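Understanding the architecture of this molecule
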Amino acid sequence: MTRRDLLRSGAAVATATLAPGVTLMAFGGSSAEAAGADAGKRWGLLIDVSKCKDDCSACVSACSEENGWGGGDSPETDAQWIRKLTLTSKATGHQANMPMMCQHCEEPPCVDVCPTGASMKRADGIVLVDKHTCIGCRYCMMACPFKARSFVHEPVINQKSHAPRGQGTVESCTLCVHRVDKGGTPACVEACAAAGHEAIIFGDLKDPTSEIAKRLAAFPSSALRPDLDLNPGVRYTQLGQG
Ligand code: SF4
Ligand code: SF4
């Protein structure tokens, strides 16, 4: 058995205790749980940047609270699963705000380069890191063109039972897979709606009757870095008009 095989087999049985009541097996990102994902679906987000307000960070706060990251005192290195960006057009100077997170690529380079199989894509398109097998090499961080992943330098505190974290591993947006697997929506989507903006829609890109699929069919939208042919599950609309 190779070291890679050994690590993979360990993923199926290990139950590491991270904190009282929090184990890695509770994580919706384990390979074993990913095997149950529905290949008939592809989960995605559609973000209307014209509705994203520059004085609002409800999505970032909600993600942090839901998944237990943030609150550190080293902003340069602390993990961040979602961030707000301001884009400025070189041609017109026009500015637009947009939330940026893992784009849940159909062809994810982070998965291609991972030496342990920890970086994985579920059958329903959600890209995750299996904390059982991540060795913290950070190859995936270098491969991701969107700088969507974070290495956990800081000691982990405030862990959530549905999203355990590990110092020395890499993490990124899970699309709130623990909610999605129960029929819910990501925390950022709920928070944006609660703030009155409704800039983010979540849904099944493969279902032509879903709101997200209907909007994608009816209006122009953009994938970030389309030149890379990654076919991300996160799409943006009104990027040029804000
Ligand atoms: S955005 Fe980066 S981390 Fe997310 S799937 Fe694509 S390459 Fe991987
Ligand atoms: S840091 Fe990234 S590439 Fe390295 S083992 Fe972990 S998930 Fe895989």
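Residues numbered from 1 in each chain as written. Chains lettered and ligands numbered in written order. Predicted model: local features only at pLDDT ≥ 70, side-chain atom pairs only at ≥ 80, totals over all residues. Heavy atoms only, no water.

Description of the overall build of the protein chain
Check the secondary structure of the protein chain and you find eight helices and eleven strands. Counting over 242 residues, the protein chain shows a buried share of 48%. Within the protein chain, counting contacts between residues at least 6 apart in sequence, those at least 24 apart form 63% of the total. Here the protein chain displays about 11600 Å² of accessible surface, and carbon together with sulfur accounts for 52% of that area. (Helix = DSSP H or I, 4+ residues; strand = E, 2+ residues; numbered from the N terminus. Buried < 20%, exposed > 50% of the residue type's maximum accessible area, 1.4 Å probe, protein only. Contact = heavy atoms within 4.5 Å. Areas by Shrake-Rupley, 256 points an atom, 1.4 Å probe, with all protein chains shown as cover.)

Some details on the site of ligand 2
Ligand 2 sits among 14 residues. The nearest are C114, C134, C137, R138 and C140. In terms of residue class, the shell around ligand 2 is built from ten nonpolar, three polar and one charged. (Near = heavy atom within 4 Å. Nonpolar A, V, L, I, M, F, W, Y, C, P; charged D, E, K, R; others polar.)

Overview of the pairing of strand β5 (residues 95-101)
Across the seven residues that make up β5, a large majority, six, are buried. Alignment of strand β4 (residues 82-88) against β5, held across seven bridges, turns out to be antiparallel. Within the sheet, the bridge partner assigned to T86 lies in β5 and is N97. The antiparallel hairpin formed by β4 and β5 contains six residues in its connecting segment, where G93 sits at a positive phi of about 80°. (Pairing = 2+ DSSP bridges.)

What about the pattern of salt bridges?
A full pass over the atoms with the stated rule returns nine salt bridges. Residue R122 pairs with D124 through a salt bridge whose shortest N-O separation is 2.6 Å. The burial state of R122 is the same as that of D124; both residues are buried. As a salt-bridge pair, D227 and R225 come within 2.9 Å of each other at their nearest N and O atoms. For D227, a relative accessible area of 52% corresponds to the exposed category. (Salt bridge = Lys/Arg side-chain N within 4 Å of Asp/Glu carboxyl O.)

Side note on the packing of aromatic side chains
One pair of aromatic rings is described through two measures. These are the centre distance and the angle between the planes. Inspection of the entire model under this criterion finds one aromatic pair. Centre to centre, the rings of W43 and F202 are 5.1 Å apart; their planes meet at 20°, and the pair counts as stacked. Here W43 is found in strand β3 (residues 43-48), whereas its partner F202 is found in strand β10 (residues 200-204), with 159 residues between them in sequence. For the residue pair W43 and F202, the accessibility class agrees, reading buried in each case. Across from the ring centre of F151, 3.7 Å away, lies the NZ or CZ of R138, which sits over that ring. (Phe/Tyr/Trp six-rings, centres within 6.5 Å; stacked < 30°, edge-to-face > 60°. Lys NZ or Arg CZ within 6 Å of the ring centre and 35° of its normal.)

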